[in-house]
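Observations on the three-dimensional arrangement
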Amino acid sequence: MEHSATPILELHNITKEFSSIRVLNRVSFSINTGEIMGLIGENGAGKSTLIKIISGIYQPTEGTIHFQGQHVVIPDYITAKKLGIAIVPQEFNLINTLSVYENIFLGNEIRLSSGILDKKTMRDLASKQLEELNMSLSVSKLVKDLSVAEKQMVEISKALLLNARFLIMDEPTTTLTGREISTLFRIMRRLKQQGVTIIFVSHKLQEIQEICDRVTVLRDGELISVDDIHNVNEQDMARKMIGRDFQQVFPPKRPVNFIDPVLQVKHISIPGLLHNISFELYRGEILGFAGLVGSGRTETAEAIMGIRKIQSGEIYINGKPIVIRNPKDAVKAGLGYLSEDRQGKGIVMDFSIPQNISLIALQKFIKYALIDKQAERRTAETYIQRFKISSASKTAPLKFLSGGNQQKVYLGRWVETSPSILILDEPTRGIDVNAKREIYEFIHHLAESNISCIVISSEMEELIGLCNRLYVMKEGTISGELSGEHINEEEIMFLATGIKERSA
Ligand SMILES: Nc1ncnc2c1ncn2[C@@H]1O[C@H](COP(=O)(O)OP(=O)(O)OP(=O)(O)O)[C@@H](O)[C@H]1O
Ligand SMILES: [Mg+2]
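Please read all numbers here as calculations on a predicted model, not as lab measurements. (Residues numbered from 1 in each chain as written. Chains lettered and ligands numbered in written order. Predicted model: local features only at pLDDT ≥ 70, side-chain atom pairs only at ≥ 80, totals over all residues. Heavy atoms only, no water.)

1. A few points about the site of ligand 1
Keep this limit in mind: A single heavy atom is enough: if one lies within 4 Å of a molecule or strand, its residue is considered near that molecule or strand. Within 3.5 Å is the distance limit for a polar contact, defined as a pair of N or O atoms, with the added protein rule that one can donate a hydrogen and the other accept it, and that residues adjacent in sequence qualify only through two side-chain atoms. Per-residue and other accessible areas were derived by the Shrake-Rupley procedure at a 1.4 Å probe size, with only the shown protein chains allowed to occlude residues. Think of it this way: any DSSP run of H or I at least four residues long counts as a helix, any run of E at least two long counts as a strand, and we number them from the N terminus. Three classes are used: nonpolar for Ala, Val, Leu, Ile, Met, Phe, Trp, Tyr, Cys and Pro, charged for Asp, Glu, Lys and Arg, and polar for all others, with Gly counted as polar. Where each domain begins and ends follows an automated or database-derived domain assignment.
Ligand 1 sits among 19 residues. The nearest are Gly-44, Lys-47, Thr-49, Ser-402 and Gly-404. In the environment of ligand 1, an oxygen atom lies 2.7 Å from a nitrogen or oxygen atom belonging to the side chain of Ser-402. Expressed as a share of its isolated accessible area of 640 Å², the protein-covered part of ligand 1 is 92%. Looking at the shell around ligand 1, the elements that each hand over two or more residues are helix H1 (47-54) and helix H14 (403-415). The element best represented in the shell around ligand 1 is H1, accounting for three residues. Its residues placed into classes, the shell around ligand 1 shows six nonpolar, 10 polar and three charged. Counting contributing residues, the shell around ligand 1 receives three or more from each of domain 1 (7-242) and domain 2 (286-298 + 334-497).

Written as structure tokens, this is what we have:
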């Protein structure tokens, strides 16, 4: 199509092995100046590994890179930065104990001529950047107090402030909802106009269709195709990713007996965050929570789990009032919570898959005061098979697993605590289209075995396909309840925003 297009980046036969296991095999393609190139593939296909090679974080085992017509070796991140390459990583790279602006300028501090840090300029620039992203966020806030969406925006700001010519974004939208995604896309389009080249990784094929000029597909470390986006639809992309025909089917919804509430939440309030939250959850029900980022869904889950202190309100389990002062009380009462922030509150990156899965359910694996390693491994094996967790080695620490596979381990870990109520906050974050179905089936399987599930999700399709009932939250309150055929996009958007419109 674009005959005059000049490549800014050319990859020739890039191969990467980790302890002799090949995760990328002779991948060659090029990216044109000023284009947005989508990069897709199943969990573990090699997307992050490839872009880490381009940004100097990993070295290829074999192969060469040309950047702006020159053969380049990118031994580290600093060299990449000098070339004008910046990356928004899949897993956050932020320091919790530093403020937003300190994180944004970490390693790129602005100094006065005297050498002293120019905090004012850094604060102002960081504020301006966040404003441009439509984020009302104080730059002096500590990163540990941010939501995942806010952390994501900090990562994006950090990359944008480098004024890179080549921007790599590894699943930047997994933690964002509609409004923030639109803002991000607006900025990406503007950067493109300014001649910035972008690699965009996402599991949401609709986004790829919307924002990309071309799309590259990886499968099992091999390059499958590079297509002009107008020549492929979502079906085609999914087929290329998994190598066969595919349709996202939700298991049929099971009827629920709305007689027996297992959980009743009555008038819970947290000043400034939640106002008079009341709802109930029934045995074997899959209950959804919809709403925009910041509407209070995660805070509601955290209040129930004893992570946040409630000012007023009561919680009943099986009709009995219970007091939950901390997460330990909650787990004892039969509650489980898969947090949206797997990195911040979830898994331990330096532990292996079995160690992570048994982490909370540890009691189960203790025999004669020793951890029964064999039982631990057997249990892990069942989840590895059930969720098709792929990793080079079962004993490798989790940081060596792909993002989607980390999420699956995290889910296994909570199921292992045998909760009677499981709250799942963005359960399919970063999960590929194919593996999503495994997780949906699994949630159904939990409901079938009388585990009641609450699913918090920003993906409307997921809530619509999965849930028996749905509560919609808006600005810290529950703005409505939907069931049956009322669970549709239009009604959800109306309750979430108060605006009657077709969602974009
Ligand atoms: N440092 C490492 N050591 C060992 N194996 C690794 C390392 N980094 C990645 N791998 C392996 O390489 C393979 C590709 O991983 P990668 O993170 O590139 O996948 P991905 O396509 O980004 O997947 P996802 O969609 O889940 O993020 C996986 O099998 C992963 O376990
Ligand atoms: Mg990845």
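The discussion continues.
2. Structural notes on the pairing of strand S19 (residues 421-425)
For clarity, the threshold we go by: Each residue is placed in one exposure class: buried if its accessible area under a 1.4 Å probe, protein chains only, is under 20% of its type's maximum, exposed if it is over 50%, and partly exposed if it falls in between. At least two DSSP bridges between two strands are required for those strands to pair.
With five of five residues buried, S19 lies mostly within the body of the structure. Side chains of S19 alternate between two faces, with Ile-421, Ile-423 and Asp-425 and Leu-422 and Leu-424 buried alike. Relative to S19, strand S16 (residues 335-338) runs parallel, the two sharing four bridges. Bridge pairing in S19 places Leu-335 opposite Ile-421. Of the strand pairs in this sheet, S19 and strand S20 (residues 452-456) are connected by five bridges, and their pairing is parallel. Bridge pairing in S20 places Asp-425 opposite Ile-456.

3. Describing the pairing of strand S3 (residues 36-40)
Side-chain direction in a regular strand flips from residue to residue, so the side chains alternate between the two faces of the sheet. With five of five residues buried, S3 lies mostly within the body of the structure. Of the pairings in the sheet, the one linking S3 to strand S8 (residues 197-201) comprises four bridges and is parallel in character. Its bridge partner lying in S8, Gly-38 is registered against Phe-200. In this structure, S3 lies alongside strand S9 (residues 214-219), joined through four bridges in parallel fashion. Bridge pairing links Gly-38 to Val-215 in S9.

4. Describing the packing of aromatic side chains
The relative placement of two aromatic rings is captured by the distance of their centres and the angle of their planes. Spelled out, the test is: Only centres within 6.5 Å qualify two rings of Phe, Tyr or Trp (six-membered ring in Trp) as a pair; their planes then separate them into stacked at under 30 degrees, edge-to-face at over 60, and tilted for everything else. Working rule: Lys NZ or Arg CZ, within 6 Å of ring centre, within 35 degrees of ring normal, means a charge sits over the ring.
For the coordinates displayed, the defined rule picks out eight aromatic pairs. Geometrically, the ring pair formed by Phe-250 and Tyr-440 is tilted, given 4.7 Å between the ring centres and 35 degrees between the ring planes. Here the residue Phe-250 occupies a position in the loop between helix H8 (234-242) and strand S11 (261-270), and Tyr-440 occupies one in helix H15 (residues 433-448), the gap between them amounting to 190 residues. The exposure class assigned to Phe-250 is partly exposed, which follows from its relative accessible area of 21%. Residue classification places Tyr-440 among the buried positions, given a relative accessible area of 2%. Here the aromatic rings of Phe-258 and Tyr-282 are separated by 5.2 Å at their centres, their planes lie at 90 degrees, and the arrangement is edge-to-face. Of this pair, Phe-258 sits in the loop between H8 and S11 while Tyr-282 sits in strand S12 (residues 274-282), placing them 24 residues apart in sequence. By relative accessible area, Tyr-282 is classed as buried at 13%. Lys-266 extends its terminal NZ or CZ atom over the ring of Tyr-316, reaching a point 4.3 Å from the ring centre.

5. Let's talk about the coordination of the magnesium ion (ligand 2)
Under the convention used in this document: Each metal site lists N, O and S donors within 2.8 Å (3.2 Å for Na, K and Ca). With water left out of the atoms, a site can look as if it is missing ligands.
The protein atoms donating to the magnesium ion (ligand 2) are Ser-48 (OG) and Gln-90 (OE1), with metal-donor distances spanning 2.0 to 2.2 Å. Of this pair, Ser-48 sits in helix H1 while Gln-90 sits in the loop between strand S6 (85-88) and helix H3 (100-104), placing them 42 residues apart in sequence.

6. A short note on the sheet that holds strand S14 (residues 312-317)
Here is the rule we go by: Under this scheme, a helix contributes an axis fitted over its contacting stretch, all axes are lines through C-alpha atoms, and angles between N-to-C directions fall in the 0 to 180 degree range. The contact definition used throughout considers only heavy atoms, calling two residues in contact when any of these lie within 4.5 Å.
The four strands lie next to each other as S12-S11-S14-S15, forming an open sheet whose pairing is antiparallel. Edge strands, defined here as strands with exactly one partner in the open sheet, are S12 and strand S15 (320-322). Going from strand to strand, the sheet's axes swing by 20 degrees on average, the running direction of each strand aside. Pairing analysis gives five bridges linking S11 to S14, with the strands arranged antiparallel. Across the sheet, the residue bridging to Val-265 is Ile-315, located in S14. Each of S11, S12 and S14 is contacted by helix H9 (residues 297-304), which is oriented at about 70 degrees to S12, the strand it contacts most.

7. Comments concerning the domain arrangement of the protein chain
When the parts of a complex come together, some accessible area is lost, and that lost area is often used as the size of the interface. The test is simple: Buried area is calculated as the accessible area (1.4 Å probe) missing from two parts once they are joined, with the contributions of both summed. Between Lys or Arg on one side and Asp or Glu on the other, a salt bridge is scored when a side-chain nitrogen of the former is within 4 Å of a carboxyl oxygen of the latter.
You can read the domains of the protein chain as domain 1 (7-242) and domain 2 (286-298 + 334-497). Between the C-alpha centres of domain 1 and domain 2 the distance comes to 26 Å. By the criterion of area lost to domain 2, the three top residues of domain 1 are Asn-43, Glu-91 and Thr-177, representing 30% of everything that side buries. Taken together, domain 1 and domain 2 are joined by zero salt bridges. Where domain 1 packs against domain 2, one counts five residue pairs in polar contact (both at pLDDT 80 or more). Only helix H5 (148-160), helix H6 (178-193) and H8 provide two or more residues apiece to the side of domain 1 that touches domain 2. Its residues assigned to classes, the side of domain 1 that touches domain 2 comprises eight nonpolar, eight polar and seven charged.

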